[in-house]
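# Fold and geometry: a report
Given next are the chains, with one letter for each unit.
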Number of protein chains: 2
Amino acid sequence: MTVRARPDPAGQVSLSDIQLPVRASLARVGEEMWRIVAVDSALLNGVSEHLMLMKGKMLRPTLLLLSSEADGAAQPRAAAYAGVVELIHLATLVHDDAVDHSVLRRGMPTINALFTHQVAVIAGDFLYSRAVQELVRLGDLEALRVFAKASNELTIGEMRQLSALDALRFSEEDYEFLIRAKTAALFSAACEVGGLCGAERFRVELAEYGSYLGMAFQVVDDLLDYTGASATVGKPTGLDLKEHKVTLPLIAALRTMPPASRAAVDDLFSSPEPDDAQIARVVGIVEEEGGLDYARERGEGYASRADEVLSRLPESPARRALQDTLTYVMERRA
Amino acid sequence: MTVRARPDPAGQVSLSDIQLPVRASLARVGEEMWRIVAVDSALLNGVSEHLMLMKGKMLRPTLLLLSSEADGAAQPRAAAYAGVVELIHLATLVHDDAVDHSVLRRGMPTINALFTHQVAVIAGDFLYSRAVQELVRLGDLEALRVFAKASNELTIGEMRQLSALDALRFSEEDYEFLIRAKTAALFSAACEVGGLCGAERFRVELAEYGSYLGMAFQVVDDLLDYTGASATVGKPTGLDLKEHKVTLPLIAALRTMPPASRAAVDDLFSSPEPDDAQIARVVGIVEEEGGLDYARERGEGYASRADEVLSRLPESPARRALQDTLTYVMERRA
């Protein structure tokens, strides 16, 4: 990676470093989100309140706002679009958790756990249609085009994952398709729509940057499932393996695995509820076979391509923050 | 009601009578729907195939097409919009069935029964985002505005239903709010968007007609749950009562019910799984108390208001068919 020298002597880029150039706009995004979801329904307001409390890193709004300033001043309405992208993201999280019967997200109860499964499905639909309504209000067919395409890709990716009959035959190509659809599509849409709000001539570059960044982000996310500690990631290590989800570290490790190790992996994947010992064993095997290193390299490769794309943009505080985002994503531990 | 003399001497208006003026366009709607949902995913194609097989009466596309011809020739692209409204409707049915854990719809297995709950939630999201993409392709912000509003109202209605703490305190006003959101909103949107495709100066009237028609439709639907036979409605009589859903016949009957009858109703609503005898008893009580007659009158009232709105439109085969639709909806037995 050709990422520039890090701003912090400890070698860490923090979220607030990245958010610095758009801090004022970002502070308005929460209000915009509340405005968009305002409704006369105690239950829906309860759902929204809980979602606002579990508010994450606001990474997609940050990307949208930074992208909007990549060619000088952005339009003030960028904050509304930033609210829209976070609402679309929340809608997908709420449905994901409902579909997976997850009970925790970012250390807090999910909507399906706190309310019911029914509430979660309907609330996701509510959030998504409100996001569409806001884009209509803004009169922006292009942004609608970009976001609707990303949302649709996401469902196709999820469906592809559900229909994988033999998890262990999931190829690297399948994995790339999946993370492009599940993660990179919305990152890319956030950056592209940001471009539409102030850096239109770099729309294509920003979309491409967002896509590579999203790929890197998801690879690191999948790596953290192997290496992260429960407290920082907010979910137990090895959860993907427990749920028989095959990600890049395992795909890479399977290629060179000796028969005894492969037998341990097969064992885990034929256990309906793998125990901790099985998971620890497979995590060890994946590391031994270089699966973690391989995935790390692939992640770095995506980040590096994202960085190359950025070099086509003019120098600006926003561009520097987008570069720092690559470092942040690659270094994150949670 | 001031509905004109019926075209059939037996006093029946059939679906094909109504569809006659738009038969050619309607024949293209299926193709349009296939075009819109085309995707490289065996699982999603499987879902779409099943939904096309269980294709219902195509009432919303019919209304859209008839509305589009209410002021002379319609735009040829009306068929694409008709496909969109049916896809939005299917998306909501798929989520409804998933949320209610229903196993049958129109006598066929639901998507959640045939595939899984997960598949149903994701498939609904897929269908909805494809519908949005199609409206973007058509470059039609106004249609997007109308459909997104209707979709959002629907979720608010469903949420209101879920949050009703004491079913038996559900008022007629609550019921009107619910059926407006759950049914009338999309009927109205279908007619309004039809108007946008060829009868723009009657846009408001068509929206209003669709809303009253939708109210009448839902009142009759709820009546059929009390009066219909299992074979024709495709679901057992008394299902709403079994699920503790309070609709207009019961709301009306509760007003005059003597204590012994009220005790039987309370009994049913405090039984987690009411048996057939309990249901039959309450159906009998509701009839005795005039609940069915009251609901019937209210339904006729909505149909009559819809008919009045139509009288503001110029005479045409489409207007006649929209009038006949009122008769069809009020007379239907399934």
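Everything numeric in this text was worked out from a predicted model, so none of it was measured.

## Overview of the overall build of chain A
The secondary structure content of chain A amounts to 17 helices and two strands. Against the 2.2 N^0.38 benchmark of 20 Å for 334 residues, chain A shows a C-alpha radius of gyration of 20 Å, consistent with a compact globule. Oriented by its inertia axes, the alpha-carbon framework of chain A measures out at about 60 × 50 × 35 Å. Going through the 334 residues of chain A one by one, you find that 59% of them count as buried. The contacts of chain A with a sequence gap of at least 6 include a subset with a gap of at least 24, amounting to 74%. For chain A, the exposed area adds up to about 13200 Å²; of that, 52% sits on carbon and sulfur atoms.

## Some words on the packing of aromatic side chains
Per the counting criterion, the structure on display carries three aromatic pairs over all chains. On the basis of an interplanar angle of 80 degrees and a centroid distance of 6.0 Å, the ring pair of Tyr128 of chain A and Tyr128 of chain B is categorised as edge-to-face. Pair noted here: Tyr128 of chain A is in helix α7 (residues 117-137) and Tyr128 of chain B is in helix α7 (residues 117-137), and the two residues belong to different chains. Taking relative accessible area as the criterion, Tyr128 of chain A reaches 12% and is therefore assigned buried.

## With respect to the interface of chain B and chain A
Listed by partner, the interface residues are 38 residues for chain B and 38 residues for chain A. With both sides pooled, the region where chain B packs onto chain A buries about 3500 Å², and carbon together with sulfur makes up 72% of that total. The tally of links between chain B and chain A comes to zero salt bridges. The interface formed by chain B and chain A holds 11 residue pairs in polar contact (both at pLDDT 80 or more) in total. Broken down by secondary-structure element, the contributors of at least two residues to the side of chain B that touches chain A are α3 (42-53), α5 (78-100), α7 and α8 (141-162) of chain B. In terms of residue count, the dominant contributor to the side of chain B that touches chain A is α7 of chain B (14 residues). Here the side of chain B that touches chain A is composed, by residue class, of 18 nonpolar, 11 polar and nine charged.

## A closer look at the pattern of salt bridges
Residues and elements named next belong to chain A. Under the definition given, this model contains 43 salt bridges over all chains. Across the salt bridge formed by Glu243 and Lys245, the nearest N and O atoms sit 3.3 Å from each other. One salt-bridge network, held together by shared partners, links Arg28, Glu32, Arg35, Glu134 and Arg137.

## A closer look at the side chain of Ser271 of chain A
Residues and elements named next belong to chain A. By the element assignment, Ser271 lies in the loop between α14 (259-270) and α15 (276-288). When its relative accessible area of 15% is taken as the criterion, Ser271 is described as buried. Here Asp267 takes part through its backbone oxygen, which lies 2.9 Å from a polar atom of the side chain of Ser271. Excluding residues that lie within four positions of it along the chain, Ser271 makes contacts with His244 and Gln278.

## Re the relation of the copies chain B and chain A
When chain B is fitted to chain A, the residual RMSD is 0.0 Å, and the transformation amounts to a turn of 180 degrees plus an axial shift of 0.0 Å. Here the transformation between the copies is reduced to the relation of a two-fold axis. When the interface residues of chain B are mapped onto chain A, 100% of them again lie at the interface, so the same face is used by both copies.

## Overview of unusual backbone geometry
Backbone geometry places His244 of chain A, a non-glycine residue, at a positive phi of 60 degrees. Within the secondary structure, His244 of chain A sits in the loop between α12 (239-242) and α13 (248-254).

## A short note on a negative patch on the surface
Residues and elements named next belong to chain A. A cluster of acidic residues, Glu287, Glu288, Asp293 and Glu297, forms a negative patch at the surface. Taken together, the elements giving at least two residues each to the negative patch come down to α15 and α16 (291-310). Counting through the fold element by element, Asp293 comes out in helix α16.

## A word on the environment of Phe147 of chain A
Residues and elements named next belong to chain A. By secondary structure assignment, the location of Phe147 is in helix α8 (residues 141-162). When its relative accessible area of 1% is taken as the criterion, Phe147 is described as buried. Considered as a pair, Phe147 and Gln118 are 29 residues apart in the sequence and their alpha carbons are 25 Å apart. The residues contacting Phe147, other than those within four sequence positions of it, are Leu64, Val84, Val85, Ile88, Tyr128, Leu135, Leu186, Ala189, Ala190 and Val193.

## So, the environment of Glu86 of chain B
All names here are of chain B. Here Glu86 shows up in helix α5. By relative accessible area, which is 2% here, Glu86 ends up buried. A sequence separation of 31 residues divides Glu86 from Lys55, and the C-alpha atoms of the two residues are 9.4 Å apart. Non-local contacts of Glu86, meaning those with residues more than four positions away in its chain, are made with Met33, Met58, Arg60 and Pro61.

## A few points about the packing of helix α2 (residues 23-37) of chain B against α3 of chain B
Residues and elements named next belong to chain B. Two numbers describe how α2 lies on α3: the axes approach to 11 Å, and their chain directions differ by 165 degrees. Here α3 runs roughly antiparallel to α2, going by the angle between their axes. Crossing handedness for the pair α2 and α3: right-handed. Taken together, the residues of α3 that come into contact with α2 (itself represented by Met33, Trp34 and Val37) are Asn45, Ser48, Glu49 and Met52. Partitioned by chemical class, the residues of the contact of α2 with α3 number four nonpolar, two polar and one charged.

## Here we look at the packing of helix α5 (residues 78-100) of chain A against α7 of chain A
Pairs of packed helices are described in terms of their axes, by the angle between the two and the distance that separates them. Residues and elements named next belong to chain A. Packing of α5 against α7 brings their axes to within 8 Å, and their N-to-C directions diverge by 160 degrees. For the element pair α5 / α7, the angle class is roughly antiparallel. As for the relative orientation of α5 and α7, their crossing is left-handed in sense. For the pair α5 and α7, the contacting residues are Ala80, Tyr81, Val84, Leu87, Ile88, Leu90, Ala91, Val94, His95, Ala98 and Val99 in the first and His117, Ala120, Val121, Gly124, Asp125, Leu127, Tyr128, Ala131, Glu134 and Leu135 in the second. Looking at the contact of α5 with α7 residue by residue, the classes come out as 16 nonpolar, three polar and two charged.

## A word on the environment of Leu135 of chain B
Residue and element names in this part refer to chain B. Summarising the element assignment, Leu135 is placed in helix α7. Its relative accessible area of 2% is what places Leu135 among the buried residues. Measuring from C-alpha to C-alpha, the distance between Leu135 and Arg262 comes to 50 Å, with 127 residues separating the pair along the chain. Discounting residues that sit within four places of it in the chain, Leu135 has contacts with Tyr81, Val84, Asp140, Ala143, Leu144 and Phe147.

## Brief notes about the nonpolar core
Counting residues in each nonpolar core, the largest one holds 239 residues, and the members touching the most others are Leu250 of chain A together with Leu250 of chain B. If we skip the residues at most four places from it in the chain, Leu250 of chain B touches Leu168, Tyr226, Leu241, Met257, Val265, Phe269 and Val286 of chain B.

## Here's the deal with the side chain of Glu172 of chain A
Residues and elements named next belong to chain A. Mapped onto the fold, Glu172 is located in helix α9 (residues 172-196). Under the relative-accessibility criterion, Glu172 is labelled buried at 13%. Beyond its immediate stretch of four places on either side in the chain, Glu172 contacts Leu248, Ile251, Arg255, Tyr294 and Arg298.

Basis of the calculations
- Residues numbered from 1 in each chain as written.
- Chains lettered and ligands numbered in written order.
- Predicted model: local features only at pLDDT ≥ 70, side-chain atom pairs only at ≥ 80, totals over all residues.
- Heavy atoms only, no water.
- Helix = DSSP H or I, 4+ residues; strand = E, 2+ residues; numbered from the N terminus.
- Rg over C-alpha atoms; globule rule 2.2 N^0.38 Å.
- Buried < 20%, exposed > 50% of the residue type's maximum accessible area, 1.4 Å probe, protein only.
- Contact = heavy atoms within 4.5 Å.
- Areas by Shrake-Rupley, 256 points an atom, 1.4 Å probe, with all protein chains shown as cover.
- Phe/Tyr/Trp six-rings, centres within 6.5 Å; stacked < 30°, edge-to-face > 60°.
- Buried area = accessible area lost by both parts, 1.4 Å probe.
- Salt bridge = Lys/Arg side-chain N within 4 Å of Asp/Glu carboxyl O.
- Polar contact = N/O pair within 3.5 Å; in protein donor to acceptor, adjacent residues only side chain to side chain.
- Nonpolar A, V, L, I, M, F, W, Y, C, P; charged D, E, K, R; others polar.
- Least-squares fit on C-alpha atoms with pLDDT ≥ 70 in both.
- Patch = residues over 30% accessible without salt bridge, like charges linked within 9 Å, V, L, I, M, F, W, Y side chains within 5 Å.
- Lys, Arg positive; Asp, Glu negative; His and termini not counted.
- Charge placed at Lys NZ, Arg CZ, Asp CG, Glu CD.
- Axes fitted to C-alpha atoms, helices over the stretch in contact; angles between N-to-C directions.
- Parallel < 35°, antiparallel > 145°, perpendicular 65-115°, else oblique.
- Left-handed = near helix turned anticlockwise from the far one by under 90°.
- Core = buried A, V, L, I, M, F, W, Y, C linked by side-chain atoms within 4.5 Å.

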